[in-house]
Amino acid sequence: MARRGLLLILSSPSGAGKSTLARRLMEWDPTIRFSVSTTTRLPRPGEEDGREYYFRSREAFEDMVKTGEMLEHAEVFGNFYGSPKGPVETAMQQGRDTLFDIDWQGGQQIRNSALGRDVVSIFILPPSIAELESRLRSRAQDTDEVIAGRMAKSRDEISHWAEYDYVIVNTDLDKAFAELTTILQAERLRRDRQPDLSDFVRSLNREFETR
Ligand code: ADP
Ligand code: 5GP
């Protein structure tokens, strides 16, 4: 049966584990499309243009915003980030779900857009602030200064937790992942995401009548 694609938004303070959970979710269901954001920040070692992000100049980014190519955009940690609109529309037409790893500002903008009814939003919390910092350090991708900046922003990001449909505390990764897939499976079964149901029930009624 056909299904209406949904927009799964994951937000969290940096280091709480949303990229790890997002990667696992796409291995679990390869039909999910990851929304590759455009950013003006520089690539980290190992990041590839078009895979983690589209790395663009400030001018190119501003052009995309001006021409209405962004579904949402925001400034985070002094850089600009935005979600291109075109691929999201294509995925929805194909009945595919799109996964967004974006901050609370992006979450608000998509929730308030014409696509708001298709949004399922999940906030990921760390088990403690000490563990959040330790995860940022163990990721070994950022300088001390960048880590301090991310920690300072965490409180602000966490203050938006109540705007989300669901909250997962990522203490144990396997448990957090099981919770994530449970949410997705239930949301996919919502009546309004199954447009063929009326036809299906009509066919059941026809079967009654021919018995
Ligand atoms: P985010 O995308 O939210 O910034 P990451 O997914 O990059 O965070 O996770 C930050 C670090 O924490 C990574 O090194 C990741 O492997 C680790 N991590 C994620 N979830 C857990 C967990 N439940 N327990 C321990 N370490 C975790
Ligand atoms: P990072 O630089 O660590 O990859 O991402 C920094 C923050 O920017 C994360 O909280 C991430 O979720 C957020 N982010 C990434 N892409 C987008 C986007 O397209 N829009 C918005 N609003 N935030 C984004």
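Residues numbered from 1 in each chain as written. Chains lettered and ligands numbered in written order. Predicted model: local features only at pLDDT ≥ 70, side-chain atom pairs only at ≥ 80, totals over all residues. Heavy atoms only, no water.

The environment of ligand 1 is made up of 15 residues, and the closest members are G15, S19, T20, R139 and N170. Interatomic distance of 2.7 Å between a backbone N/O atom of G15 and an oxygen atom of ligand 1. Take T171: an N or O atom from its main chain is 3.0 Å from a nitrogen atom of ligand 1. For ligand 1, whose accessible area on its own is 570 Å², the fraction buried by protein is 78%. If you map ligand 1 onto the pockets, it falls in the largest pocket. Of all elements in the fold, only α1 (18–28) and α5 (129–139) reach the threshold of two or more residues within the shell around ligand 1. If one sorts the elements of the shell around ligand 1 by residue count, α1 sits on top with three residues. (Near = heavy atom within 4 Å. Polar contact = N/O pair within 3.5 Å; in protein donor to acceptor, adjacent residues only side chain to side chain. Areas by Shrake-Rupley, 256 points an atom, 1.4 Å probe, with all protein chains shown as cover. 1 Å grid on protein atoms, 1.4 Å probe; cavity = no way out; pocket = protein on both sides within 12 Å on 5 of 7 lines; lining within 4 Å. Sits in = over half its atoms within 2 Å of the grid points. Helix = DSSP H or I, 4+ residues; strand = E, 2+ residues; numbered from the N terminus.)

Once that is clear, we can look at the pairing of strand β1 (residues 7–11). β1 sits mainly inside the fold: five of its five residues count as buried. Where burial is concerned, the two faces of β1 agree: the one with L7, I9 and S11 and the one with L8 and L10 are both buried. Bridge count for β1 against strand β7 (residues 98–101) is four bridges, and the pairing is parallel. Opposite L8, over in β7, you have L99 as the bridge partner. (Buried < 20%, exposed > 50% of the residue type's maximum accessible area, 1.4 Å probe, protein only. Pairing = 2+ DSSP bridges.)

Time to look at the layout of surface pockets. Reported here for the largest pocket is a volume of approximately 1100 Å³. As for the largest pocket, its lining consists of 40 residues, and the residues nearest its centre are S19, R44, Y53, D101 and R139. Mapped onto the lining of the largest pocket, the elements with two or more residues apiece are α1, β5 (70–76), α5 and α6 (144–158). If one sorts the elements of the lining of the largest pocket by residue count, α1 sits on top with six residues. When grouped by side-chain class, the residues that make up the lining of the largest pocket number 13 nonpolar, 12 polar and 15 charged. If you go around the second largest pocket, you meet 13 residues; those closest to its centre are R41, N79, D142, V146 and R150. Listing elements by their share of the lining of the second largest pocket, those giving two or more residues are β6 (79–84) and α6. Element by element, the count of residues in the lining of the second largest pocket is highest for α6, at four residues. For the lining of the second largest pocket, the residue count by class is four nonpolar, four polar and five charged. (Points joined across faces, edges and corners; volume = space filled by probe spheres on them. Nonpolar A, V, L, I, M, F, W, Y, C, P; charged D, E, K, R; others polar.)

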